[in-house]
Amino acid sequence: MALVSSPVPPALRSKRRRERVRTLAFLSPWLVGFGFFFLYPLVSTAYFSVMSYDGYTPPTFSGLQNWDFVFTKYPSFWKGLGNTLWLVVVMVSLRVVFGLGVGMLITKVKSGAGFFRTAFYLPYLAPPVAATMAFAFLLNPGTGPVNHLLGELGLPQPGWFTDPSWSKPALTLLALWGVGDLMVIFMAALLDVPKEQYEAAELDGAGPFQRFRYVTLPNISPIVMFAVVTGVIQTMQYYTQAIVAGKVASGVIGGSGQQFEPGYPSGSTWTLPQMVYNLGFQTYDYGSACVVAMVLFALSTAFTSLLLRRRSGFLAED
């Protein structure tokens, strides 16, 4: 015998309709922002990546010509991709480890914790352009005080921003100098770890490393994941510090008629965001610029998905 579902009463249908409208009304600010600031730019970028467009004439369909140009004919693409991935892996890892280490040290300080907390956080507030220029002058191989001090100690004096093999480590030092944001986040997480767990671990004979591995790290793992994911996304957009450091090191700080080699020295600071700007706003090849932007989006999505699946880039898989 077939079961016949009873019709929904009109009053119940009207109530459900009102609930759906109310839900959409509450979601509307997010939906509008998502549509205008994420979905529309993403669809437009994908659209222009298969179009020939210079910003002046109407776009014309070109198929995969832009993709072929970027991947096979644009000589700087693979260099920029390698530099960007290097910064993501090395810079993000060191920033998280250094920020966590500083946060742990300050939470252990008995007196003067406020001073050290302020001293480590203030560099994060420095404007990126000013901080990069200051670092470029400090690390100047000829007149900078850092190399002068290294020479007095009998240590090697690197070329820093003028040496292709040292330019990315110099940018990493700059990133570590401004690690105050991660320090504050990790300090808040460390102070929330239950002290009873540390006491129980000590009673069981756990040493400092065991307490960190089995008590501290599991409790702050969501914060570690947050720091890694946001660090990857930010580093994928790494532009200002690299371009300013290259300009200062090459002597091109400003003014018209000056020639500047992007990625100075020898393309070692050339990143994908610089490539987007160069293709889109200097050569007016918006289609190829959109291809690079789509590559950045795909890489960011891939890294974020991988880290979220593993819960953290530094912890064992659940």
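Cut-offs and rules
Residues numbered from 1 in each chain as written. Predicted model: local features only at pLDDT ≥ 70, side-chain atom pairs only at ≥ 80, totals over all residues. Heavy atoms only, no water. Helix = DSSP H or I, 4+ residues; strand = E, 2+ residues; numbered from the N terminus. Rg over C-alpha atoms; globule rule 2.2 N^0.38 Å. Buried < 20%, exposed > 50% of the residue type's maximum accessible area, 1.4 Å probe, protein only. Contact = heavy atoms within 4.5 Å. Areas by Shrake-Rupley, 256 points an atom, 1.4 Å probe, with all protein chains shown as cover. Patch = residues over 30% accessible without salt bridge, like charges linked within 9 Å, V, L, I, M, F, W, Y side chains within 5 Å. Salt bridge = Lys/Arg side-chain N within 4 Å of Asp/Glu carboxyl O. Lys, Arg positive; Asp, Glu negative; His and termini not counted. Charge placed at Lys NZ, Arg CZ, Asp CG, Glu CD. 1 Å grid on protein atoms, 1.4 Å probe; cavity = no way out; pocket = protein on both sides within 12 Å on 5 of 7 lines; lining within 4 Å. Points joined across faces, edges and corners; volume = space filled by probe spheres on them. Nonpolar A, V, L, I, M, F, W, Y, C, P; charged D, E, K, R; others polar. pLDDT = per-residue confidence, 0-100. Polar contact = N/O pair within 3.5 Å; in protein donor to acceptor, adjacent residues only side chain to side chain.

Colleague: Sorry if this is basic, but what is going on with the overall build of the chain here?
Modeller: Counting its secondary structure elements, the chain contains 13 helices and 2 strands. Computed over its C-alpha atoms, the radius of gyration of the chain comes to 26 Å, more than 25% above the 20 Å expected for a compact globule of 318 residues. Each principal axis of the C-alpha distribution contributes one length, and for the chain these read about 95 × 75 × 30 Å. Every one of the 318 residues in the chain was classed for burial, and the buried ones make up 35%. In the chain, 66% of the contacts between residues at least 6 apart in sequence involve partners at least 24 apart. Split by element, the accessible area of the chain, about 18,900 Å² in all, is 66% carbon and sulfur.

Colleague: Honestly, a positive patch on the surface in this entry has me stumped. Any pointers?
Modeller: On the surface, R13, K15, R16, R17, R18, R20 and R22 cluster together into a positively charged patch. Here R13 is to be found in helix α1 (residues 10-48). In this structure R13 comes out as partly exposed when scored by relative accessible area, which is 41%.

Colleague: Just checking my understanding: could you explain unusual backbone geometry for this structure?
Modeller: Excluding glycine, residues mostly carry a negative phi; peptide bonds, for their part, are mostly trans. The peptide bond linking Y264 to P265 adopts the cis configuration, its omega dihedral lying at 0°. By the secondary structure assignment, P265 is in the loop between α11 (240-250) and α12 (272-282). Even without being glycine, W160 reaches a positive phi, approximately 50°. Note on W160: relative accessible area 7%, which makes it buried. Positive phi values are uncommon outside glycine, yet Y284 reaches one of about 55°. Along the polypeptide, Y284 turns up in the loop between α12 and α13 (286-310). Classification of Y284 as partly exposed rests on a relative accessible area of 36%.

Colleague: How should the pattern of salt bridges be read in this particular structure?
Modeller: Oppositely charged side chains can form a pair if their charged atoms are brought close together. Overall, the coordinates contain 2 salt bridges when judged by the stated rule. In this structure, R95 engages D181 in a salt bridge whose closest nitrogen and oxygen atoms are separated by 3.1 Å. Linking R95 in helix α3 (residues 77-108) with D181 in helix α8 (residues 180-191), this pair joins segments that are 86 residues apart in sequence.

Colleague: Can you help me understand the layout of surface pockets in this one?
Modeller: Over the atoms rolls a probe the size of a water molecule, and in doing so it shows where empty space is left. Quantified by volume, the largest pocket comes out at close to 580 Å³. Lining the largest pocket are 27 residues, and of these R95, Y124, G178, Q234 and Q241 lie nearest its centre. Contributions of two or more residues to the lining of the largest pocket are made by α3, α4 (113-125), α5 (128-138), α7 (167-177), α8, α10 (208-236) and α11. Top contributing element to the lining of the largest pocket by residue count: α10, with 6 residues. Here the residues of the lining of the largest pocket are counted per class, giving 17 nonpolar, 8 polar and 2 charged. As a volume, the second largest pocket reaches approximately 440 Å³. Along the walls of the second largest pocket sit 15 residues, with T107, K108, L190, Y198 and T216 positioned nearest its centre.

Colleague: In this structure, what is going on with the environment of F71? I would like to understand it.
Modeller: Relative to the helices and strands, F71 is located in helix α2 (residues 65-73). Residues F71 and L24, 47 residues apart in the sequence, show an inter-C-alpha distance of 43 Å. Sequence-distant contacts of F71, defined by excluding residues within four places in its chain, comprise F77, W78, V291 and V295.

Colleague: Looking at this structure, how should I read the confidence of the model for the chain?
Modeller: Should pLDDT be low for a region, the predicted coordinates there are not to be read in detail. For the chain, per-residue confidence averages 89 on the pLDDT scale, and residues scoring 70 or more make up 92% of the total. In this model residues 312-318 is a low-confidence stretch, pLDDT under 50, and it forms 15 contacts with partners more than four residues away in sequence or in other chains.

Colleague: Help me understand the side chain of N278, please; the structure alone is not making it clear to me.
Modeller: Counting through the fold element by element, N278 comes out in helix α12. In this structure the side chain of N278 is engaged in a polar contact, spanning 3.4 Å, whose partner is the side chain of Y74. Looking at N278, its side chain comes within polar contact range of the side chain of Q282, at 2.6 Å.

Colleague: Even after reading the chapter, I still don't get the environment of V50, so can you show me in this structure?
Modeller: With respect to the element layout, V50 can be found in the loop between α1 and β1 (51-52). Residues V50 and C290, spaced 240 residues apart in sequence, show a C-alpha to C-alpha distance of 8.7 Å. If sequence neighbours within four positions are ignored, V50 has contacts with T60, F61, S62, G63, N66 and W67.

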